Amino acid sequence: MTATPIDPARSRSLTRWNRILAILHALQFVAMIAVGSTAARFAPFVPTVKPVLTNGKFSGIEQTQVQLFDIPLAWFIASFFLMSAIAHFAAGWPLRARYEGWLARGMNPLRWVEYAFSSTVMIVAIAYISYIKDFPALIAIAGCNVAMNLFGWSMESANEGRHDRPDWKHFIFGCVAGIAPWLGIFSLLLAYGFQSDLPAGAGIPAFVYAIVGTLFVSFNIFAITMVLQFKRVGRWRDYLAGEKTYMVLSLVAKTLLAWQVFSGTLRPGG
């Protein structure tokens, strides 16, 4: 489909935005690596079993677990800043023409690919600090989140040129995939609090609830932005206004998550 090229003034504005955001994300990546404590670890495990031998004979199965790897949580958190910096760098420099061509057609595959990586690290980090440390569960959460973002891509692609009659199936399927990780996170937080024999003062730290709540709201604002775009409401009738909304939301959501986690568990000596 042939699309009208973006106005030169707006093209320059988008380029400036992407270059500034690339720098802001890169600076936060460097800052988190530099000041984040490496004491807190990202060390998921896989539950498994091993045979029990009694006097050299098989006598049953014992449940156990194997830790797959162990890296500083600060590095894991910082990685989504790096992913965003790379994506904005690409949009502002080497892929600028292609990026603007996509925007002129009312889509941005680069955004959804970046989100498929960066927001997946974010949701896995949230799950991990909510005590979901089972690697298969984290993989399932990651898969649902990747699917949600790729449905965002397919929603835009399938509705190219269909401004008056958008097909909402892709959006609905993305919402189904996207809500699953949150159901898992909320169920664990509720189950922990429902235990009747918890020692005094052994509740989940308040910063965890703050992070989960903040990011849940942030993730839903992304979905609301897409609805506003396809419903062509107010300023979001202009696709480029929606593009800048996504840019701001992405920076705010990543900044809030990273530095809330830092204040709760990544401060040196914390």
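Our subject in this report is the structure included herewith. A quick note: this is a predicted structure, and the numbers were derived from the prediction, not measured. (Residues numbered from 1 in each chain as written. Predicted model: local features only at pLDDT ≥ 70, side-chain atom pairs only at ≥ 80, totals over all residues. Heavy atoms only, no water.)

### Quick word on the layout of surface pockets
Roughly 490 Å³ of volume is contained in the largest pocket. As for the largest pocket, its lining consists of 29 residues, of which M148, F219, N220, F222 and A223 are closest to the centre. Taken together, the elements giving at least two residues each to the lining of the largest pocket come down to α4 (109–129), α5 (135–158), α6 (169–194), α7 (206–231) and α8 (239–266). The element that contributes the greatest number of residues to the lining of the largest pocket is α6, accounting for eight residues. (1 Å grid on protein atoms, 1.4 Å probe; cavity = no way out; pocket = protein on both sides within 12 Å on 5 of 7 lines; lining within 4 Å. Points joined across faces, edges and corners; volume = space filled by probe spheres on them. Helix = DSSP H or I, 4+ residues; strand = E, 2+ residues; numbered from the N terminus.)

### Section: the pattern of salt bridges
Tallied over the full model, the rule gives eight salt bridges. Residues R111 and E243 are paired through a salt bridge, measuring 2.5 Å at the closest nitrogen-oxygen approach. Residue R111 is located in helix α4, and its partner E243 is located in helix α8; the two are separated by 132 residues in the primary sequence. In this structure E243 comes out as buried when scored by relative accessible area, which is 4%. (Salt bridge = Lys/Arg side-chain N within 4 Å of Asp/Glu carboxyl O. Buried < 20%, exposed > 50% of the residue type's maximum accessible area, 1.4 Å probe, protein only.)

### A word on the packing of aromatic side chains
Counting across every chain of the model gives 19 aromatic pairs. With 4.1 Å between their ring centres and 5 degrees between their planes, F42 and F76 make a pair best called stacked. With F42 in strand β1 (residues 41–42) and F76 in helix α2 (residues 73–92), this residue pair connects regions lying 34 residues apart in the sequence. Like F42, the residue F76 is buried in the burial classification. Ring centres of F69 and F135 lie 6.1 Å apart, and the angle between their planes is 90 degrees; on these two criteria the pair is classed as edge-to-face. Remark: F135 occurs in helix α5 and F69 occurs in the loop between β3 (57–67) and β4 (71–72); sequence separation between them is 66 residues. Taking relative accessible area as the criterion, F135 reaches 24% and is therefore assigned partly exposed. Each member of the aromatic cluster is reached from another via a ring pair, and the members are F42, F69, F76, Y128 and F135. A cation sits over an aromatic face here: R235 above W236, 5.3 Å from the ring centre. (Phe/Tyr/Trp six-rings, centres within 6.5 Å; stacked < 30°, edge-to-face > 60°. Lys NZ or Arg CZ within 6 Å of the ring centre and 35° of its normal.)

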